[in-house]
Amino acid sequence: MTAATRLLAPDPGWTVTTDVVVVGSGVAGLMTALHATRAGRVLVVTKVHVDDGSTRWAQGGVAAALGTDDSPHEHELDTLEAGVGICDLEAVRVLCEEGPARLRELITLGAAFDLDPAGELLLTREGGHHRDRIVHAGGDATGAEVSRALVAAVLAHPRIQLIEHALVLDLLRTADGRAAGVTLHVLGEGTQDGVGAVMARAVVLATGGMGQVFSSTTNPSVSTGDGVALALRAGAEVTDLEFVQFHPTALWLGPDATGQQPLISEAVRGEGAFLVDGDGERIITTADHPLADLAPRDVVAKAITRRMQALGTDHVFLDARGVPGIADRFPTIVARCRQEGVDPVTDLIPVAPAAHYASGGVRTDLHGRTSVPGLYACGEVACTGVHGANRLASNSLLEGLVFAGRIGADLEAGLPEQGLTARQGREQVLLDPTTRPELARTMTEGSGVLRSADSLAATAKALLALEGRDSAAPSPAAWEATGLHAVATALVAAAQRREETRGAHWREDFPLASDSWRGHLVTTLSGTTYQPVED
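Residues numbered from 1 in each chain as written. Predicted model: local features only at pLDDT ≥ 70, side-chain atom pairs only at ≥ 80, totals over all residues. Heavy atoms only, no water.

Enquirer: Help me understand unusual backbone geometry in this model?
Expert: One non-glycine residue, His-165, lies in positive phi territory at about 55 degrees. Looking at where His-165 falls in the secondary structure, it is placed in the loop between strand E8 (160-163) and strand E9 (166-173). For His-165, a relative accessible area of 10% translates into the label buried. Phi at Asp-240 takes a positive value of approximately 60 degrees, unusual for a residue other than glycine. Note that Asp-240 resides in the loop between strand E14 (238-239) and strand E15 (244-251). (Helix = DSSP H or I, 4+ residues; strand = E, 2+ residues; numbered from the N terminus. Buried < 20%, exposed > 50% of the residue type's maximum accessible area, 1.4 Å probe, protein only.)

Enquirer: Would you mind showing me how to read the sheet that holds strand E11 (residues 194-199) here?
Expert: Strand pairing in a sheet relies on backbone hydrogen bonds. The paired strands run either parallel or antiparallel. With mixed pairing, four strands are arranged side by side in an open sheet as E2-E11-E10-E9. At either margin of the open sheet sits one strand with a lone partner, and together these are strand E2 (15-17) and E9. The sheet shows a mean angle of 25 degrees between the axes of neighbouring strands, direction not considered. The sheet contact formed by strand E10 (residues 179-186) and E11 spans six bridges and is antiparallel. For His-185, the partnering residue across the bridge sits in E11 and is Val-195. The strands that helix H13 (residues 476-497) touches are E9, E10 and E11; relative to E9, the one it contacts most, it runs at about 65 degrees. (Pairing = 2+ DSSP bridges. Axes fitted to C-alpha atoms, helices over the stretch in contact; angles between N-to-C directions. Contact = heavy atoms within 4.5 Å.)

Enquirer: Before we go on, may I ask you to explain the pattern of salt bridges in this structure?
Expert: Following the criterion strictly, the structure yields 34 salt bridges and no others. Notably, a salt bridge pairs Arg-38 with Glu-412, separated by 2.9 Å at the nearest N-O pair. Of the two residues, Arg-38 is situated in the loop between helix H1 (27-36) and strand E4 (42-45) and Glu-412 in helix H10 (residues 395-412); the sequence distance between them amounts to 374 residues. The exposure class assigned to Arg-38 is partly exposed, which follows from its relative accessible area of 40%. The exposure class assigned to Glu-412 is partly exposed, which follows from its relative accessible area of 43%. With a shortest N-O distance of 2.8 Å, Arg-133 and Asp-70 are connected by a salt bridge. Here the residue Arg-133 occupies a position in the loop between strand E6 (123-124) and strand E7 (134-135), and Asp-70 occupies one in the loop between strand E5 (62-63) and helix H2 (72-83), the gap between them amounting to 63 residues. (Salt bridge = Lys/Arg side-chain N within 4 Å of Asp/Glu carboxyl O.)

Laid out in C-alpha cells, this is it:
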C-alpha cells in the first residue's frame, strides 16, 4: 500500500486530556500505568474489557533468577542462547538483573503465586532454561492471576482513568513530530461513542501481539497488530518482524479450525511430558538437542513440522500420561482438553504449532522510548532487544514488568508540555474487511513455520492483490483489516530479505544461520534496512 500516515476516519467528535495515555491493558500496559502515576494523570484505553488480552491467557509463568542455585547471569546466558546471536546484551542484562525485584513488586500488588511445602515460591522449569526459575499461579493460570491483581490495582488507583471498547487509530503529533496523543474509536459501548481524541504529553503503546495475521494462533481475537501498524504510519522504526515464534504445542482442533487455538503450556513438558508421532516415535531427543523436549521453542516447532511433513499429517501428539497429578498441576489445560474429548490422564493430546509471539515490534531503547519523541512501547508490541531471534519461555511477562518500570521512571524524570497537534499527511485507503480470512490463510501457508523464496514471493503477490479490494467505509473491521495487511506486508518483506535460518525464522532454501545476517532488519515507511549487531 502507499505510505499513508493515517487511517481514513472521521474527524474526532470528542476530546479528553491527560498526562499519559497507555494503549492496552495486559501486564505491560497496566504495570506501566501504575508506574506512570508518579508522572501525572494516566488514561488507559483498551480494546475490549480491561482484562481481555493476551496476558490472561498465559499458562506459563514468570521467569526470574530466585533459586539458591541460580543467578541473573545464568538467566542471561539462557536468554542469549535462545535469541541465537542477535539479542541486545544490555537489554538482556537489564531484564535478568532487574527481574527478581519486579516480580516481588508484582507480589506486593497482590499477585498470589504457587508455593512449595515450606511456603517459598515454587520454582519450575520450561523450555530453554537450565535452572528451575519459573513461578506459576494456579498451576497453569498465571496470566489470569497476574491480570486479576493488576486490574484490581489499576481500578483502585485515583490517578488512573479507563476507557474500554476503544480501538486505537492513529498517533497525534505536533508540527515537529512529537507524540501529542491518539485518536481512537469507542466500539459502540462506553460513555464516549465514535471517533475521539486523547490529548497527552506522552503515549505508551502496550497493544500486545499480531497473532491474528495468521489463521492459527494462540493469541486472542484482539491481537491484530494495531500498535505496530500505528507506529509504522507515525514514522517509527519497527524491527525483527520476521521472528514470529510458533508455539510447538497448541491443541489441535481439527483441519478446519482457525483463529485462537488453546495452548498446551510447555510447563507440561517441564513436568515430564514428551512429543511423539502417530507411531509412538519420539519427535525430539537428546541426539537432536541436549534439552530434548525442553529445547527452545523454535527448535521444537521445527522438529514437529519436519515430522508432520515426513508423515503427511497435520498434527503430532503430546504424551502427558506419566505426569504426576496432571489434573491438579494443570487444571485449566486438562479441563480444556476434556472439552474437546481428550483426557490427558489417559489419552495422547493432539498438538500442532501455532503462531504465538512476536519477538519483533516497535523498536525501543532501554527506557522504552521509540524513534518518535514522546512515543513509548512496552510488552509484545515492543522490540527491546531482549528476545533476539526467539523468545525464551516465560520471559514475556517479565519483560512487561521490567520495562514498564523503566518507562515509568523516564516519564517521572520529566514530561514535556502538551503539544499542539498538526494535521497529518495522506489518509490510507482502507481494506475490505472480507479480505481477513484470505490474508490469514495466505500468511500461514507462505510465511508460517516454513518459508522459502518461492513461498514468500507468492505471499507478497497475494498481499499486493488484496490491496485492490478496498473499502471507502471507515469501520472497526476495515481499520483492523488494514492494519493487519500493513503488518503482514512488512513482515513478509523482512522475511524475504533475511536469507538464512535463525531462531523463529526458518528458510528452507537457506537452512543455516549466516554471520553476514547477524543483525536486524529495521522497517519504516521509507523501506527496510539492515543494521548489523554491534559486538
